[in-house]
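Residue-level listing of the chains:
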Amino acid sequence: MLSIPGDNSRTPDVQVGPLDLPARVDEALAVQALAFGLSDDEMEVRRHIVLRHGMQAGCRALGATTEEGRLVAFVYGMPNNRSHWWSTIVEPYLRGTGTDDWLDGSFVITELHVHPAYQARGIGRTLITEITDAVRLPRSILSAIDTESPARRLYRSLGYEDLARQVQFPSAPKPYAVMGAPLPLRRAR
């Protein structure tokens, strides 16, 4: 377990450690809903997806919890598999940029979300570096909404670069960027 000190009484210390994602899926989705703006219907669809992902070989999850055990951030991912839905959507975009080889030998960051009251404290950085440090693959890939945002700046600071942009997922209102980074991720200088 790693400890991240709080910045005031509003955001107490948090502990980062392994997360039993299937057991805490509803708490994780509540964090995601606040961080990402999900409706109840979207949360129900994602609930089934998260539970299915949790059964995939190599799926790992970490969470950040308060001393009282409240989940305030989480990350999960798994070794990429070209037959997974996400890969089938992004593969033509990656092929178009000559980067579809990133779908092999990569650990996918499937979700990374931090409760808004706990953002900008290094929790997301800690979660993503800890989860990728524990895998034995040469690189990591992820997708993020294709706009300038704190999340995209974080990913770039860790060494992620755009592999494809304007990736359109079915039913997603905004396009995404697919990003990739060699492992281990770059540390703050």
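A brief structural summary. (Residues numbered from 1 in each chain as written. Predicted model: local features only at pLDDT ≥ 70, side-chain atom pairs only at ≥ 80, totals over all residues. Heavy atoms only, no water.)

## Let's talk about the pairing of strand β5 (residues 106–114)
On any regular strand, side chains alternate: one points to one face of the sheet, the next to the other face.
Item 1. A large share of β5 lies buried, amounting to eight of its nine residues.
Item 2. Of the strand pairs in this sheet, strand β4 (residues 71–79) and β5 are connected by seven bridges, and their pairing is antiparallel. Within β5, the residue paired with Met-78 across the bridge is Val-108.
Item 3. Sheet analysis places β5 next to strand β6 (residues 139–145), joined by three bridges and oriented parallel. In the sheet register, Phe-107 faces β6, and the bridge partner there is Ser-140.
Item 4. In this fold, β5 hands off to helix α4 (residues 123–133), which returns the chain to β6; that crossover is right-handed. (Buried < 20%, exposed > 50% of the residue type's maximum accessible area, 1.4 Å probe, protein only. Helix = DSSP H or I, 4+ residues; strand = E, 2+ residues; numbered from the N terminus. Pairing = 2+ DSSP bridges. Right-handed = clockwise from strand over helix to strand, strands pointing away.)

## Observations concerning a negative patch on the surface
Item 1. Residues Asp-40, Asp-41, Glu-42 and Glu-44 make up a contiguous surface patch of negative charge.
Item 2. Mapping Glu-44 onto the fold places it in helix α2 (residues 40–54). (Patch = residues over 30% accessible without salt bridge, like charges linked within 9 Å, V, L, I, M, F, W, Y side chains within 5 Å. Areas by Shrake-Rupley, 256 points an atom, 1.4 Å probe, with all protein chains shown as cover. Salt bridge = Lys/Arg side-chain N within 4 Å of Asp/Glu carboxyl O. Lys, Arg positive; Asp, Glu negative; His and termini not counted. Charge placed at Lys NZ, Arg CZ, Asp CG, Glu CD.)

## Thoughts on the pattern of salt bridges
Item 1. Counted by the stated rule, this structure contains twelve salt bridges.
Item 2. Here Arg-82 ties to Asp-104 by a salt bridge, and the two come within 2.9 Å at their closest N and O atoms. Taken together, the positions of Arg-82 in the loop between β4 and α3 (85–96) and Asp-104 in the loop between α3 and β5 put the pair 22 residues apart, joining distant regions of the chain.
Item 3. The class of Asp-104 is partly exposed, set by a relative accessible area of 40%.
Item 4. Residue Arg-95 pairs with Glu-91 through a salt bridge whose shortest N-O separation is 2.6 Å. Here the residue Arg-95 and the residue Glu-91 both occupy positions in helix α3, the gap between them amounting to four residues, near one helical turn.

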